[in-house]
Number of protein chains: 2
Amino acid sequence: MKLKMLYSFLKTDIDEIEKELNLAIESDTALLKDASLHLLQAGGKRIRPVFVLLSAKTGDYDIHVIKNVAVTLELIHMASLVHDDVIDDAELRRGRTTIKAQWDNQVAMYTGDYMFARALDYMTIIEEPIAHRILSNAIVELCIGEIAQIEDKYRFNQNLRDYLRRIKRKTALLIAVSCQLGAVAGKVPEEVHTRLYRFGYYVGMAYQITDDILDFTSSEEELGKPAGGDLLQGNITLPVLYALKNEELAPKIKKVHEYTQKEEMSLLINEILATDAIQKSAQLSQLYLKKALKELDALPPSKAKKSLRDIALFIGKRKY
Amino acid sequence: MKLKMLYSFLKTDIDEIEKELNLAIESDTALLKDASLHLLQAGGKRIRPVFVLLSAKTGDYDIHVIKNVAVTLELIHMASLVHDDVIDDAELRRGRTTIKAQWDNQVAMYTGDYMFARALDYMTIIEEPIAHRILSNAIVELCIGEIAQIEDKYRFNQNLRDYLRRIKRKTALLIAVSCQLGAVAGKVPEEVHTRLYRFGYYVGMAYQITDDILDFTSSEEELGKPAGGDLLQGNITLPVLYALKNEELAPKIKKVHEYTQKEEMSLLINEILATDAIQKSAQLSQLYLKKALKELDALPPSKAKKSLRDIALFIGKRKY
């Protein structure tokens, strides 16, 4: 079962958005276009546009309006990836060299800025003031989340709350807002768009926890980048937090910045996998998914509702 | 005569904006707050907020609304400075170490992102959809302008049009938009806010040309950074474009990337000063100022109109 099958009835509209994304990054500046295209062509799940469309389906669905919101969210996501790669000094993303690796940090910074600016441009088609307030608030939190991630690196005494707040800002909020803004653009009542916000928030939390698990359980080939990369960069993700409770393992984890050999890192990953860290992380992810599904209960039955449900369930089981 | 004297009747409101700028960058993330404050406290002319206020005075002036627009414009300007310093690898700005020098490129990138996000947040108080379209368009152009500046570095065969388009995107548009958005927030008729847009555009062009002249004619002490820095970094500004027409000087200018000694650079600057490059640049700046003043003619007499006129004239004569 592939993710795309879960919303196959949206295929025409998703294709339309893909076309629009290509138009969005058009520029008479060759460098800017090349760098943006480099990232766009690396693909991605386009999960945020899918959530925008499905949520809009709960209200008045006009693809000519909605597609702008979908493009906005995907461009903001892409812009944040480009800047993330600068922060993380990452060489690979989705199996491709990153913009910062292919060009340099400066080009990556400005390509991200440009994508971000274009995102705002697309959003101006939406006149509802509340939509702009929702989006700008999410962007502020996204930025704070990134800085917090720098500050929290190698900080081994952080707790679960620190982690949850970080992934909320880094991932869950933008997915929550994708759902909410699709619904707002579909002119649904407040009760519905705040419900979809909560659905997106819970799904986003589950999604990021799953991502953090996969960084340990997947192969380099599946990830498109080296496994265990999060920990190697000092990012204390949920599996690490649980593994740190193991008194034997904790001192080894705290020395991760000294590891220079790939073999040392593989060994540490295997030791973490041998604890209950992954299992406990997966349990928390499932808890969030349950909460997400519960939010959907109150919505009337529809193809869109079924898709939202299926995607949430898929995220709980995804292996890549 | 100091710039501030030209709009002394706005002092209370300018102080209010300064306070609001301090609030805007408040953050529970220490790194983010320190870095933002570092730049904020370096000061600056706050020329964009002044233009916002003065333009708003041509319509319904409500400081509680207008201040948000002023803060937005200043924050966008500051964010672009922080990112500029990454691009230019600059160590000093306004006589202080830059954020990228004091911390690093990554902190500078995210501090800029954060200020930018906060700027958008402040803007959401304005409900007029046209205001958001005007702003997002200017931001897109600002980003393109920065990338174009990288591409155009050390490109000695560029022409006047390339330069003018670059400074339009880099400086003039944001000043134009400061004037226009102040007026839009003041609910003036379209004819008035497009006129103020043009006024701001012409003033902005003159302002940047003057800046580019001062980079040659001012001392390191006055600039708060080394003189001739633009050329040393490969930025082909207007005085350089004119100096390149001098057949004897052109080959020396084209070798600027080889210059490693401060003395070599000083010598080159003196040779450029000995041509008509500065004079011709100043003439073009004056031409833009004339156009700016002409736009004001149609406005009814007011304190604000007088201030706008005085500031434009001041910019034509400023020595720092």
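These numbers come from a predicted model, not from an experiment.

Trainee: Just checking my understanding: could you explain the overall build of chain A for this structure?
Mentor: Helix and strand counts for chain A stand at 16 helices and two strands. The C-alpha radius of gyration of chain A comes to 19 Å, within 12% of the 20 Å expected for a compact globule of 320 residues. Overall, chain A is about 55 × 50 × 35 Å in size when its C-alpha atoms are taken along their principal axes. Expressed as a percentage of its 320 residues, the buried residues of chain A come to 60%. Sequence separation of at least 24 residues holds for 74% of the intrachain contacts in chain A that already meet a minimum separation of 6. Looking at chain A as shown, the accessible area adds up to about 13500 Å², and 51% of this sits on carbon and sulfur atoms.

Trainee: Help me understand the relation of the copies chain A and chain B, please; the structure alone is not making it clear to me.
Mentor: One chain copy maps onto the other through a rotation about an axis and a shift parallel to that axis. For the match of chain A to chain B, the screw axis carries a shift of 0.0 Å, the RMSD comes to 0.0 Å, and the turn is 180°. Put plainly, the chains are arranged around a two-fold axis. Using C-alpha coordinates, one finds that chain A approaches the rotation axis most closely at A:Met109, a distance of 3.5 Å.

Trainee: Explanation requested: the side chain of B:Asn235 in the structure shown.
Mentor: Residues and elements named next belong to chain B. As for its position among the elements, Asn 235 is in the loop between α11 (229-232) and α12 (238-243). When its relative accessible area of 8% is taken as the criterion, Asn 235 is described as buried. When sequence neighbours within four positions are dropped, the list of residues in contact with Asn 235 reads Asp 88, Gln 149, Lys 153, Asp 230 and Val 240.

Trainee: Teacher, can you tell me more about helix α4 (residues 63-88) of chain B here?
Mentor: Side chains three or four residues apart in an α-helix point the same way, a direct result of the helix having 3.6 residues per turn. All names here are of chain B. When the terminal C-alpha atoms of α4 are compared, their 36 Å separation across 26 residues agrees well with the 38 Å that a helix rising 1.5 Å per residue should span. For α4, the tally of buried residues reaches 24 of 26 residues, placing the bulk of the element in the interior. Note on α4: the residue one or two positions beyond its end, Asp 89, has a positive phi of about 55°.

Trainee: What am I meant to see in the interface of chain A and chain B here?
Mentor: Accessible area lost during the coming together of the parts is what is often quoted as the interface size. Tallying the contact residues gives 39 residues for chain A and 37 residues for chain B. Summing the contributions of chain A and of chain B, the shared interface buries around 3700 Å²; its carbon and sulfur component is 69%. The interface formed by chain A and chain B contains one salt bridge. The salt bridge partner of B:Glu127 is A:Arg133, with a shortest N-O separation of 4.0 Å. In this assembly, chain A and chain B are joined by eight residue pairs in polar contact (both at pLDDT 80 or more). Elements with a minimum of two residues in the side of chain A that touches chain B: α2 (30-40), α4 (63-88), α6 (105-123), α7 (129-151) and α8 (160-185) of chain A. Broken down by element, the residue count for the side of chain A that touches chain B peaks at 13 residues, all from α7(A). In the side of chain A that touches chain B, the residues fall into 18 nonpolar, nine polar and twelve charged.

Trainee: Any chance you could explain the nonpolar core here in plain terms?
Mentor: Within soluble globular proteins, side chains that are nonpolar generally end up buried alongside one another. Grouped together as the largest cluster of nonpolar side chains are 234 residues, with contacts concentrated most on A:Ile253, A:Ile311, B:Ile253 and B:Ile311. Setting aside its immediate chain neighbours within four residues, B:Ile253 contacts B:Phe156, B:Leu231, B:Val240, B:Ala243, B:Leu244, B:Leu268 and B:Ile272.

Trainee: What am I meant to see in the packing of aromatic side chains here?
Mentor: Each aromatic ring pair is summarised here by two numbers: the centre-to-centre distance and the angle between the ring planes. Per the stated rule, a full pass over the model turns up seven aromatic pairs over all chains. Residues B:Tyr201 and B:Tyr202 carry aromatic rings whose centres are separated by 5.3 Å and whose planes lie at 55° to one another, so their mutual orientation is tilted. Taking relative accessible area as the criterion, B:Tyr201 reaches 19% and is therefore assigned buried. Every member of this aromatic cluster is reached through a ring pair, and the members are A:Tyr201, A:Tyr202 and A:Tyr288. The side chain of A:Lys57 reaches across the aromatic face of A:Tyr61, ending 4.0 Å from its centre.

Trainee: Explain the pattern of salt bridges to me, please; I cannot follow it from the model alone.
Mentor: With the rule as written, the count across this model stands at 35 salt bridges over all chains. Its salt-bridge partner being A:Arg46, residue A:Glu18 comes within 2.8 Å of it at the nearest N-O pair. With a gap of 28 residues between them, A:Glu18 in helix α1 (residues 11-24) and A:Arg46 in the loop between α2 and α3 (47-56) connect regions that are remote in the sequence. Here A:Glu18 falls in the partly exposed class, since its relative accessible area comes to 26%. A residue is classified by how much of its surface remains accessible, and A:Arg46, at 7% relative accessible area, is buried. A salt bridge links B:Glu26 to B:Lys33, with the shortest nitrogen-to-oxygen separation between them at 3.4 Å. With a relative accessible area of 28%, B:Lys33 lands in the partly exposed category.

Trainee: Quick question: what am I supposed to make of the side chain of A:Arg169 here?
Mentor: Here A:Arg169 lies in helix α8. If we skip the residues at most four places from it in the chain, A:Arg169 touches A:Glu141, A:Leu142, A:Ile144, A:Gly145 and B:Asp28.

Trainee: How do you make sense of the packing of helix α9 (residues 190-217) of chain B against helix α16 (residues 303-317) of chain B when you look at a structure like this?
Mentor: Relative placement of two packed helices is described by the angle separating their axes and the distance separating the axes. All names here are of chain B. Following both chains from N to C, one finds α9 and α16 inclined at 20°, their axes separated by 9 Å at the closest point. On the basis of the axis angle, α9 is roughly parallel to α16. As α9 runs across α16, the sense of the crossing is left-handed. In this structure, α9 uses Leu 196, Phe 199, Val 203, Ala 206, Tyr 207 and Thr 210 to contact α16, whose residues at the interface are Leu 308, Ala 312 and Ile 315. Within the contact of α9 with α16, the residues separate by chemical class into eight nonpolar, one polar and no charged.

Trainee: Looking at this structure, I do not really get the packing of helix α3 (residues 47-56) of chain B against helix α8 (residues 160-185) of chain B. What am I missing?
Mentor: Residues and elements named next belong to chain B. The contact between α3 and α8 brings their axes to 6 Å, and the two run at 35°. For the element pair α3 and α8, the recorded crossing hand is right-handed. Residues Arg 48, Phe 51, Val 52, Ser 55 and Ala 56 of α3 form the contact with α8, whose own contacting residues are Thr 171, Leu 174, Ile 175, Ser 178, Cys 179, Gly 182 and Ala 183. The class makeup of the residues in the contact of α3 with α8 is seven nonpolar, four polar and one charged.

Trainee: Sorry, what's going on with the confidence of the model for chain A here?
Mentor: Atom-level detail of predicted coordinates should not be read off regions where pLDDT is low. Averaged over all residues, the pLDDT of chain A equals 90, while 98% of them reach at least 70. For this predicted complex, the interface confidence reaches an ipTM of 0.85, while the overall pTM sits at 0.90.

Trainee: Looking at this structure, how should I read the environment of A:Glu91?
Mentor: Residues and elements named next belong to chain A. Residue placement: Glu 91 occurs in the loop between α4 and β1 (92-93). For Glu 91, a relative accessible area of 48% puts it in the partly exposed group. Between the C-alpha atom of Glu 91 and that of Ala 101, which follows or precedes it by ten residues, the distance is 5.4 Å. Sequence-distant contacts of Glu 91, defined by excluding residues within four places in its chain, comprise Arg 96, Thr 97, Thr 98, Lys 100 and Ala 101.

Trainee: How do you make sense of the environment of A:Glu16 when you look at a structure like this?
Mentor: With respect to the helices, strands and loops of the structure, A:Glu16 is situated in helix α1. Each C-alpha atom, one on A:Glu16 and one on A:Lys67, is 7.8 Å from the other, the two residues being 51 residues apart in sequence.

Trainee: I keep staring at unusual backbone geometry and nothing clicks. Help me out?
Mentor: If a residue is not glycine, its phi is most likely negative; likewise, a peptide bond is most likely trans. Residues and elements named next belong to chain B. Look at Arg 46: it is not a glycine, yet its phi comes out positive at around 50°. With phi around 60°, Lys 187 is a residue other than glycine that occupies positive phi space. Structurally, Lys 187 can be placed in the loop between α8 and α9.

Basis of the calculations
- Residues numbered from 1 in each chain as written.
- Chains lettered and ligands numbered in written order.
- Predicted model: local features only at pLDDT ≥ 70, side-chain atom pairs only at ≥ 80, totals over all residues.
- Heavy atoms only, no water.
- Helix = DSSP H or I, 4+ residues; strand = E, 2+ residues; numbered from the N terminus.
- Rg over C-alpha atoms; globule rule 2.2 N^0.38 Å.
- Buried < 20%, exposed > 50% of the residue type's maximum accessible area, 1.4 Å probe, protein only.
- Contact = heavy atoms within 4.5 Å.
- Areas by Shrake-Rupley, 256 points an atom, 1.4 Å probe, with all protein chains shown as cover.
- Least-squares fit on C-alpha atoms with pLDDT ≥ 70 in both.
- Expected span 1.5 Å × (residues − 1).
- Buried area = accessible area lost by both parts, 1.4 Å probe.
- Salt bridge = Lys/Arg side-chain N within 4 Å of Asp/Glu carboxyl O.
- Polar contact = N/O pair within 3.5 Å; in protein donor to acceptor, adjacent residues only side chain to side chain.
- Nonpolar A, V, L, I, M, F, W, Y, C, P; charged D, E, K, R; others polar.
- Core = buried A, V, L, I, M, F, W, Y, C linked by side-chain atoms within 4.5 Å.
- Phe/Tyr/Trp six-rings, centres within 6.5 Å; stacked < 30°, edge-to-face > 60°.
- Lys NZ or Arg CZ within 6 Å of the ring centre and 35° of its normal.
- Axes fitted to C-alpha atoms, helices over the stretch in contact; angles between N-to-C directions.
- Parallel < 35°, antiparallel > 145°, perpendicular 65-115°, else oblique.
- Left-handed = near helix turned anticlockwise from the far one by under 90°.
- pLDDT = per-residue confidence, 0-100.

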